[in-house]
Amino acid sequence: RSVRRSLLLPPSLSGWPIVGNTFQLPLKYAYMFYQDLEKKLGSKIMYVEALGQPFIVINDARIASELLDKRSAIYSSRPRLPMFELIGGNQFFVLLPYGDEWRNQRRMFQQHFSKRSLPREQEKALEFTRKALLPNLYKTPQSFPEHIKEYVCGMALSMVYGLPIKRNHDPLFASFDDAFNAALVMATPGKYLVDIFPFLNYIPDWVPGIPFKRDSWWCREKLAKAFGEPFKVVQKNMEEDVASESFVSTSLERYKNDPDYEVSESYIRKAASQVYEGASGTTVVALKTFILAMLVHPELQRKAQEEVDSVVGQDRLPDFSQRSRLPYLTAILKEVLRWNPTVPSGVPHMTTAEDVYEGYYIPRGSMILPNTYAMLHDEEMFPNPKVFNPDRFIKDGVLVEDILDPMVTATFGFGRRACPGSHIALATFYIATASILSLFDISPELDENNNPIEVKPEFIDTGLTSEPSPFQCKFIPRSGKDAGGLLAGIWMSNIFDFSLYTEY
Ligand code: HEM
């Protein structure tokens, strides 16, 4: 029996019969629209409805935590995206509904990528920073967006499959990118009628000329090939006893005596694809936002460089031992995550039972949108939220505690679905940024008359992330530092495994 009785839904826009608010809701920059809507409705929890689907929008971190953290037993499912399921997108457990398959894949992920084993991932991040990111920025700085992407994706692939990755243009990147781009285009909500009318899914496969079926087979094959091939290589390497430690090899070993081995193997293969997907776009966006912030605020860049130099010194590169002694850099990284929230609309959750919150009725099957952008741009908590100002997070050289911390709250989601890779993301974010600041000045590119090209920070809503609009800049080795010598020292050292950059 419903608890609804005479309860009201959260404040809402008035809509039309049947279609509800469908035509009032924007497809792009929805997080800004909902931030404005909060002012109109005077509430940080709101209700909208599109074609019968209820949405609860939450603009406040406390409310999000009350519901998604504290009542996570009923707030942890995901909405179904029929086209995404057809192309095999449900192999990414980020999109699986709450249930056993999701639980099993997430458990496998957390067994390998636990906080306890962070030092292993830190070592990998350090290695890729020093042997891929920094040399690439040194040699061809103008291609920095490509270097950042290859750095993050290479590291993710190495963590997952343990296969050697080339420093540039590894064939695995192309195959994964190709599959992902195809999947992203197809999964754009509303591109195919099946997303709006899921019953179309029941048209038998033999009926000719159904575009969504044809396209979905094509894309499914691409995804299966991209994720299947490296998985098979790891299995072969394990048989020959030459596999490196990775998520796939350790998980296959862990479950080898499982009576349901075949099921576990398929979960491991699917969960592996998730790491690449989870890590790549998000971490790349955070790093690009950092570069943009440093470019347009040279005075803050200088201050952070001074701090890094004073702790790390002139003749070596940063490592993880200095992390806690760099509070100003930490404040900058918090501000980067706040200024341009990486996943501004959050990833939607779905309720599996009806609920009541502060007298408002929350229907079962509601899509819950934790509006990260609104939480991190709350004017009361963060005055002038559009201004990049790391001083919000630090006072007299000490990190302040009575402020919402974007490294802990909102950025990485909520409750049982919160990002299980946040510790790896933050470690990568730290080591990449500290190393860049230590070795390079990020400065404006010059035009044909040798005048600095002015860059205005702008961000594009890609559907999932908020990506800085393309911009140019230069990475100039810092004066007084022997950047080339420091990098050469790393290449000569035998601490690192050079096979990392052999051909795949
Ligand atoms: C700056 C970097 C990153 C950001 C901002 C980010 C953010 C997020 C967010 C917002 C979610 C959804 C949380 C929710 O539903 O409440 C998520 C889920 C997830 N992330 Fe991340 N993430 C980042 C990096 C990573 C990395 C490096 C990995 C892997 C090593 C990763 C793996 C995952 C996985 C597996 C999920 C799915 C969790 C589930 O549905 O149970 N993420 N992430």
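Residues numbered from 1 in each chain as written. Predicted model: local features only at pLDDT ≥ 70, side-chain atom pairs only at ≥ 80, totals over all residues.

Topic: the overall build of the protein
Scanning the protein from N- to C-terminus turns up 16 helices and twelve strands. Computed over C-alpha atoms, the radius of gyration of the protein comes to 24 Å, within 12% of the 23 Å expected from 2.2 N^0.38 for 504 residues, which places it in the range of a compact globule. Seen through its principal axes, the protein has C-alpha atoms that stretch 70 × 60 × 45 Å. By residue count, 41% of the 504 residues in the protein fall in the buried class. (Helix = DSSP H or I, 4+ residues; strand = E, 2+ residues; numbered from the N terminus. Rg over C-alpha atoms; globule rule 2.2 N^0.38 Å. Buried ≥ 20, exposed ≤ 12 C-beta atoms within 10 Å, placed from the backbone.)

Some details on the environment of Leu 25
Tracing the sequence through the fold places Leu 25 in the segment before helix H1 (30–41). Look at Leu 25 and you get partly exposed, because 17 C-beta atoms sit within 10 Å. With 235 residues separating them along the chain, Leu 25 and Asp 260 place their C-alpha atoms 46 Å apart. Non-local contacts of Leu 25, meaning those with residues more than four positions away in its chain, are made with Ala 30, Val 48 and Ala 50. (Contact = placed C-beta atoms within 7 Å.)

Things to note about the nonpolar core
For soluble globular proteins, the rule of thumb is that nonpolar side chains tend to be buried together. Formed by 96 residues in total, the largest nonpolar core has its most connected members in Ala 156, Val 160 and Ile 291. Among the elements that make up this core, the one with the highest residue count is helix H11 (residues 261–296) (17 residues). In terms of nonpolar packing, the next biggest core, distinct from the first, is built from 27 residues, Tyr 47, Ile 58, Ala 64 and Tyr 361 among them. (Core = buried A, V, L, I, M, F, W, Y, C linked by C-beta atoms within 7 Å.)

A short note on unusual backbone geometry
A positive phi is found at Ile 18, a non-glycine position, where the angle reads about 65°. Position of Ile 18 relative to the elements: it lies in the segment before H1. Its identity is not glycine, yet Tyr 29 carries a phi of approximately 50°, on the positive side. Within the element layout of this structure, Tyr 29 appears in the segment before H1. Note on Tyr 29: 16 C-beta atoms within 10 Å, which makes it partly exposed.

Section: the site of the ligand
Around the ligand, a shell composed of 28 residues is seen, among which Gly 278, Thr 282, Gly 413, Cys 419 and Gly 421 lie nearest. Looking at the shell around the ligand, the elements that each hand over two or more residues are helix H4 (100–112), H11 and helix H15 (422–439). (Near = placed C-beta within 6 Å.)

Some words on the packing of helix H12 (residues 298–312) against H15
The interhelical angle for the contact between H12 and H15, taken along N-to-C directions, is 95°, at an axis separation of 9 Å. Classified by the angle their axes make, H12 and H15 are roughly perpendicular. The residues of H15 that touch H12, namely those facing Ala 304, Gln 305, Val 308 and Val 312, are Ala 434, Leu 437 and Ser 438. Of the residues contributing to the contact of H12 with H15, the split by class is five nonpolar, two polar and no charged. (Axes fitted to C-alpha atoms, helices over the stretch in contact; angles between N-to-C directions. Parallel < 35°, antiparallel > 145°, perpendicular 65-115°, else oblique. Nonpolar A, V, L, I, M, F, W, Y, C, P; charged D, E, K, R; others polar.)

Structural notes on helix H2 (residues 61–69)
Looking only at H2, the buried set comprises Ala 61, Ala 64, Leu 67 and Leu 68. Viewed along the axis of H2, the buried residues span an arc of 135°, placing them on a single side of the element. Where the residues of H2 are buried, they touch strand S2 (53–58), strand S3 (349–350), strand S4 (355–357), strand S6 (367–370) and helix H14 (372–376). (Arc of directions from axis to C-beta.)

Focus: H12
Since there are 3.6 residues in each turn of an α-helix, residues three or four apart along the chain are aligned in direction. Look at H12: 20 Å from first C-alpha to last across 15 residues, which is about the 21 Å you get at 1.5 Å a residue. Residues of H12 that are buried: Gln 301, Ala 304, Gln 305, Glu 307, Val 308 and Val 312. Projected down its long axis, H12 shows its buried positions confined to an angular sector of 160°, all on one face. Opposite the buried face of H12, at more than 90 degrees from it, the exposed residues are Glu 299, Glu 306 and Ser 310. Structurally, H12 contributes buried residues whose contacts are with H11, helix H13 (327–339), H15 and strand S9 (440–443). (Expected span 1.5 Å × (residues − 1).)

Remarks on the UniProt feature "binding site: heme" (unreviewed entry) in the protein
Sites flagged by UniProt as "binding site: heme" (unreviewed entry) map to Cys 419. Tracing the backbone shows Cys 419 in the loop between strand S8 (398–399) and H15. (UniProt positions renumbered as here; feature names shortened; annotations may be inferred.)

Things to note about the sheet that holds S2
Judged by pairing direction, the sheet is mixed, and its four strands sit side by side in the order S1-S2-S6-S3 without closing on themselves. The open sheet has two edge strands with one neighbour each: strand S1 (45–50) and S3. Two strands pair when backbone bridges link them, and S2 and S6 are joined in this way by four bridges, in the parallel orientation. Its bridge partner lying in S6, Ile 56 is registered against Ile 368. Strands S1, S2, S3 and S6 of the sheet are contacted by H2, whose axis makes an angle of about 140° with S6. (Pairing = 2+ DSSP bridges.)

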